[in-house]
Structures are given as C-alpha cells and as structure tokens.
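Now for the letters of each chain:
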Amino acid sequence: MQDKIPKHIAFIMDGNGRWAKERGLARTAGHRRGVQRLKEIVRGASELGVEIVTFFAFSTENWDRPKKEIDALMRYLDKFLDGQIKELERNNMRFRVIGQGNPLPKFIQQKIQKAESRTKDNTGLIVVLALNYGSRQEIVDAVKRFTTYALKDDALLKQLTPEIFSRYLYTADLPDPDLLIRTSGEMRISNFMLWQLSYAELYFFNKYWPDFTINDLKEAIRDFKTRERRFGGIDADQEVN
Ligand code: IPE
Ligand code: IPE
Ligand code: MG
C-alpha cells in the first residue's frame, strides 16, 4: 500500500462512437463530448496534484477510419488547440504532443508548435496529447535515430542500455506513466506506450469516455493507492526464510 498519488496518469479515451450510437447520434457527437471531458479531466488532474497527464487522442491506426470521421476529429482538435492555448497559459500548464507530426494537416501542426512553444517554460501540470501516435512506430523511430548516431560512433552501441534507449523515444523527457486508465470496457493497450507502460498500474472502466468524470478519476487514484508496486522485487515487510 502506498499513499502517493500517481505522478503521471495516461488515458486511453475510448468509447466515443459507442456512446453516440447508444443515443442515436452521429459518432462525431461522441467525439465532441469527449473533448469536453478531456478539458474537465485536465482541470481536475491539476487540482488533484497530478504532475503529468497523457491522453491518447488519435492512433496511427485511426487513419483507417472513414474520411468524414477523421476530418471531424481534426476539426475538434483544431478548436481544442485554439481554446486551450490561453487556458494552458493561464494555468501555468505545459503542452506537449507525442507522435509523428508529418501526416497531420499543416494548420494543426502549426498550432501544436505554437502551443508547445508558448507553454514550454510553464511549471505546472504537463498535458501530453498522443496524436498520430503508435508505440511500434515510436520504437522504430527511436531505433532509426539511434542507428544514425551509432553508425558514426561504435561506442554508442556497446553502451546501449534500456535507460539510454528510452531517451530516443518521443517521451524522452517524461517519466513513465504510473497509472493507465482506459474507458469503454476494452481491456487492451491498442499500441499505446508499450515500452513506457511496463510497470504501470492498469485501471479499466466500463464507462465510455464521454461519461468519464472527475469522480471516476478520483476513484482510480484511490484504487491506485491500494496497489502494491513491486517492480519485480518483494514487499519491504516480507522476510526471506
Ligand atoms: C475513442 O473513441 C476516440 C478515438 C479513437 C479517436 P472511439 O471513436 O474509438 O469510440 P468507439 O470505441 O468506436 O466506441
Ligand atoms: C485507441 O482506441 C486509440 C485512441 C483512444 C485514440 P481504438 O478505438 O482506436 O482502439 P481499438 O480499435 O478498440 O483497439
Ligand atoms: Mg474505440
């Protein structure tokens, strides 16, 4: 049992489409509502003293969805960025995006850069958005980057450790998530932070993301505090006979 709240919480915001379908609405209505929840959770997490929140917003596999849905998601993202820059600045929050920027529309990339640079010196909650993010792609990108350096310097390969390798990931400057929360009842990782979640505590909610509230977040944190994190060791109070 630990008393500490998780420093870094990662969210797989899933179930927007099903939430809308159950109400006879278009899937995009679920995404719109999902963005509202995201904003509420950012505020709530900051008030609770969490240091970093990462939200899986669009995966490398989500391009397989109909163009109409992707376009709507990009529109909501655009609006989110417009509204959030001021909000983040006002609240001393830092904004970061992880994922491959290139395939995203240019105007979105520009707004991301603006939000990142305008908030880079803030010292409060770090808000990370995983956009066009895929963990396998991230690892491949890290290997490519590492290799370009290693080809020029043999010693790099000999010295390579997991800690050093992790500095080549998109999350180089972020600690691993302590807690992963996925909504919608699906119990899978869906190519999200495979490396970084190695020792995260997992919490699955049956609710869809548009129904996820601050109280649910508090519940997950309460539950996190009851977990015994051993990282492969044994409990401190256990004797070895
Ligand atoms: C999560 O909700 C949001 C994104 C993946 C962009 P979904 O759109 O996956 O909703 P379901 O899972 O189909 O209900
Ligand atoms: C994971 O949800 C991706 C995001 C939340 C952005 P998906 O809905 O894409 O995952 P699967 O298809 O259920 O595994
Ligand atoms: Mg889904």
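Refer to the structure printed above.
Residues numbered from 1 in each chain as written. Chains lettered and ligands numbered in written order. Predicted model: local features only at pLDDT ≥ 70, side-chain atom pairs only at ≥ 80, totals over all residues. Heavy atoms only, no water.

A. Quick peek at helix H3 (residues 67-90). For H3, with 24 residues, the first-to-last C-alpha span of 35 Å sits near the 34 Å given by 1.5 Å per residue. Remark: asparagine 92 follows H3 within two positions and exhibits a positive phi of approximately 60°. (Helix = DSSP H or I, 4+ residues; strand = E, 2+ residues; numbered from the N terminus. Expected span 1.5 Å × (residues − 1).)

B. Geometry of the environment of glycine 30. Counting through the fold element by element, glycine 30 comes out in helix H2 (residues 27-48). Glycine 30 gets classed as buried once you look at its relative accessible area, which sits at 0%. Spatially, the C-alpha atoms of glycine 30 and tryptophan 19 are 6.0 Å apart, while their sequence positions differ by 11 residues. (Buried < 20%, exposed > 50% of the residue type's maximum accessible area, 1.4 Å probe, protein only.)

C. Seen up close, the pattern of salt bridges. For the structure on display, the rule yields 24 salt bridges. For arginine 182, the salt bridge is made with aspartate 14, and the minimal N-O distance between the two is 2.8 Å. Of this pair, arginine 182 sits in strand E5 (residues 179-182) while aspartate 14 is found in the loop between strand E1 (8-12) and helix H1 (16-22), placing the two residues 168 residues apart along the sequence. We note a salt bridge from glutamate 69 to arginine 27, for which the minimum N-O separation is 2.8 Å. Taken together, the positions of glutamate 69 in helix H3 and arginine 27 in helix H2 put the pair 42 residues apart, joining distant regions of the chain. Since its relative accessible area comes to 8%, glutamate 69 is described here as buried. Its relative accessible area of 38% is what places arginine 27 among the partly exposed residues. Members of the salt-bridge network, linked through shared partners, are Asp14, Arg18, Arg182, Glu186 and Arg188. (Salt bridge = Lys/Arg side-chain N within 4 Å of Asp/Glu carboxyl O.)

D. Main features of the site of ligand 2. What surrounds ligand 2 is the set Ile12, Met13, Asp14, Phe56, Ala57, Phe58, Asn62, Arg65, Arg182, Arg188 and Ser190. At 2.8 Å from an oxygen atom of ligand 2 is found a side-chain nitrogen or oxygen belonging to arginine 188. Relative to its unbound accessible area of 390 Å², ligand 2 is 78% covered by the protein chains. The site holding ligand 2 turns out to be the largest pocket. Sorting elements by how many residues they give to the shell around ligand 2 places strand E2 (residues 52-59) first, with 3 residues. Tallied by class, residues from the shell around ligand 2 come to 5 nonpolar, 2 polar and 4 charged. (Near = heavy atom within 4 Å. Polar contact = N/O pair within 3.5 Å; in protein donor to acceptor, adjacent residues only side chain to side chain. Areas by Shrake-Rupley, 256 points an atom, 1.4 Å probe, with all protein chains shown as cover. 1 Å grid on protein atoms, 1.4 Å probe; cavity = no way out; pocket = protein on both sides within 12 Å on 5 of 7 lines; lining within 4 Å. Sits in = over half its atoms within 2 Å of the grid points. Nonpolar A, V, L, I, M, F, W, Y, C, P; charged D, E, K, R; others polar.)

E. Examining the layout of surface pockets more closely. Computed from the structure, the largest pocket encloses a volume of approximately 710 Å³. Together, 31 residues line the largest pocket, and Met13, Phe56, Ala57, Asn62 and Arg65 are the ones closest to its centre. Taken together, the residues of the lining of the largest pocket break down into 15 nonpolar, 8 polar and 8 charged. (Points joined across faces, edges and corners; volume = space filled by probe spheres on them.)

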